[in-house]
Amino acid sequence: MRSDRAADGAAEADKRQETGNAAAASPDRASNQPEMGGAVIGRRNLSPLIDKLCADHSLSLAEYEFLIANRTPEAARLLSERAAAVRKSIYGNTVYIRGLIEISNICRNDCLYCGIRKSNSNCSRYRLTPEEILSCANEGYALGFRTFVLQGGEDGYFNDTVLCGIVRRIKERHPDCAVTLSMGERSRESYKLLRDAGADRYLLRHETADKAHYEKLHPVQMSYDNRMRCLRDLRETGYQVGCGFMVGSPYQTPAELAKDLKFIENFRPDMCGIGPFIPHRDTPFGGFPAGTVELTCYLLSIIRLIRPPVLLPSTTALGTIHPTGREMGILSGANVIMPNLSPVSVRKKYELYNNKICTGEESAQCRADLERRMRAIGYEVVTARGDIRRDTRQRP
Ligand code: SF4
């Protein structure tokens, strides 16, 4: 069942989609085609635009939209080759791993796409204790992880005192490790306290850089402006900051994706998490189609070219919609994977979307499996904190 707001949005989006498709089907309509040096770019030849992206790490909004709406297998191949080359020039053939610890599936929010939203009464709730979280980190350390990502819903139990205590204990025990938090929207003061406690990085997906689209994905209590405020505060508080979005989320069109790319270009995140939207049956978006591997990989390549040193995960969601999705993400320009270190007993409960993979394996199995998969495509999982590398040849 869609909410009223969602249903209204659907009609509007469908109308817009029709308009967009009509434009895409008429290559002679020059108004929809960006020009380069006076020459209109043909639908089938996107290489001048890709060359421009490689040289400038920037395109106009119209050019991003055009690159997405008119994509071809040939353009995808070219982007992926260029992105892989750029990625190799900075990170070689290494793949960084992050140990993901899903600390709570309790959330005060009701994002329309999320399986652990507060209105989902079918969700069986859990919260790890600080000792359990420490124990996951210790196990991860022994397996070679040097970054721990604490991720959870916006659960009031993890106030500043509790969360700062956990961060401090992990850093005291494992001073050579980075701690990344992915704990949602908090006050600037809270971000500052957590940073002072030792947190190094913070992931907060912006979800969409289009305010109207944001409002179709979230309840009225949540605000696009506050999400952007959080990202600014995180940057100013000294974190390595990650943003990101779902590919193929309801009502998303190439125009919204173009805004996401422009936002990434301007915000210049240290990390960027993108993965396909996958519907969860117990949400208002349960009947919407999933995003695709094809478009996700296409966008991964573009993001690598916009921001060459960015830490770019090949997400579990990619591996969920395709058996070799994570390998395809790496080959498209990603350089990070995030195996699960949560206790096996709770993994199925952290179900943001249906059919999530890797919920039944022990952490050691997950790591070994990913190492084997990466080796099979010519990449090597390394034991390192995996901070962003600043490449002086690129825009700083
Ligand atoms: S997406 Fe995050 S903030 Fe929104 S309901 Fe899910 S866990 Fe909560």
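Here, every reference points to the structure presented above.
Before going into details, it helps to say that this report is about the structure given with it. (Residues numbered from 1 in each chain as written. Predicted model: local features only at pLDDT ≥ 70, side-chain atom pairs only at ≥ 80, totals over all residues.)

For the rest of this paragraph, the subject is the overall build of the protein. Summing up its helical and strand segments, the protein has 15 helices and eleven strands in all. Residue burial in the protein is summarised as follows: out of 396 residues, 45% are buried. Once local pairs closer than 6 in sequence are excluded, the contacts in the protein between residues at least 24 apart make up 77%. (Helix = DSSP H or I, 4+ residues; strand = E, 2+ residues; numbered from the N terminus. Buried ≥ 20, exposed ≤ 12 C-beta atoms within 10 Å, placed from the backbone. Contact = placed C-beta atoms within 7 Å.)

Attention now moves to the nonpolar core. Formed by 102 residues in total, the largest nonpolar core has its most connected members in Val-95, Ile-101, Leu-150, Tyr-202, Ile-302 and Ile-303. At nine residues, helix α11 (residues 293–306) tops the list of elements feeding residues into this core. Setting aside residues up to four positions removed in sequence, Ile-101 forms contacts with Ile-133, Cys-136, Ala-137, Phe-148, Val-149, Leu-150, Leu-341 and Ser-342. (Core = buried A, V, L, I, M, F, W, Y, C linked by C-beta atoms within 7 Å.)

Another aspect to go through is the sheet that holds strand β10 (residues 336–337). Spatial strand order, β10-β3-β11: three strands in an open sheet with parallel pairing. Unpaired on one side and paired on the other, β10 and β11 (380–382) mark the two borders of the sheet. Inspection of the sheet shows strand β3 (residues 94–97) paired to β11 by three bridges, in the parallel sense. Looking at the pairing, Tyr-96 lines up with Val-382 of β11. (Pairing = 2+ DSSP bridges.)

With that settled, consider the site of the ligand. All residues adjacent to the ligand are Cys-107, Asn-109, Cys-111, Cys-114, Ile-116, Arg-117, Gly-153, Glu-154 and Gly-184. Here the shell around the ligand is built from residues that sort into four nonpolar, three polar and two charged. (Near = placed C-beta within 6 Å. Nonpolar A, V, L, I, M, F, W, Y, C, P; charged D, E, K, R; others polar.)

Between helix α4 (residues 73–91) and α11, the shortest axis-to-axis distance is 8 Å and the interhelical angle comes to 45 degrees. By the angle class used here, α4 and α11 are oblique. For α4 against α11, the interelement crossing comes out left-handed. Facing Ala-76, Leu-79, Ser-80, Arg-82, Ala-83, Val-86 and Arg-87 of α4, the residues of α11 in contact are Cys-297, Tyr-298, Ser-301, Ile-302, Arg-304 and Leu-305. Its residues assigned to classes, the contact of α4 with α11 comprises eight nonpolar, two polar and three charged. (Axes fitted to C-alpha atoms, helices over the stretch in contact; angles between N-to-C directions. Parallel < 35°, antiparallel > 145°, perpendicular 65-115°, else oblique. Left-handed = near helix turned anticlockwise from the far one by under 90°.)

Residue position: Met-338 is located in the loop between β10 and α14 (344–347). Each C-alpha atom, one on Met-338 and one on Cys-366, is 9.8 Å from the other, the two residues being 28 residues apart in sequence. In this structure Met-338 touches Arg-98, Leu-100, Val-149, Pro-313 and Thr-316, once residues within four positions along its chain are discounted.

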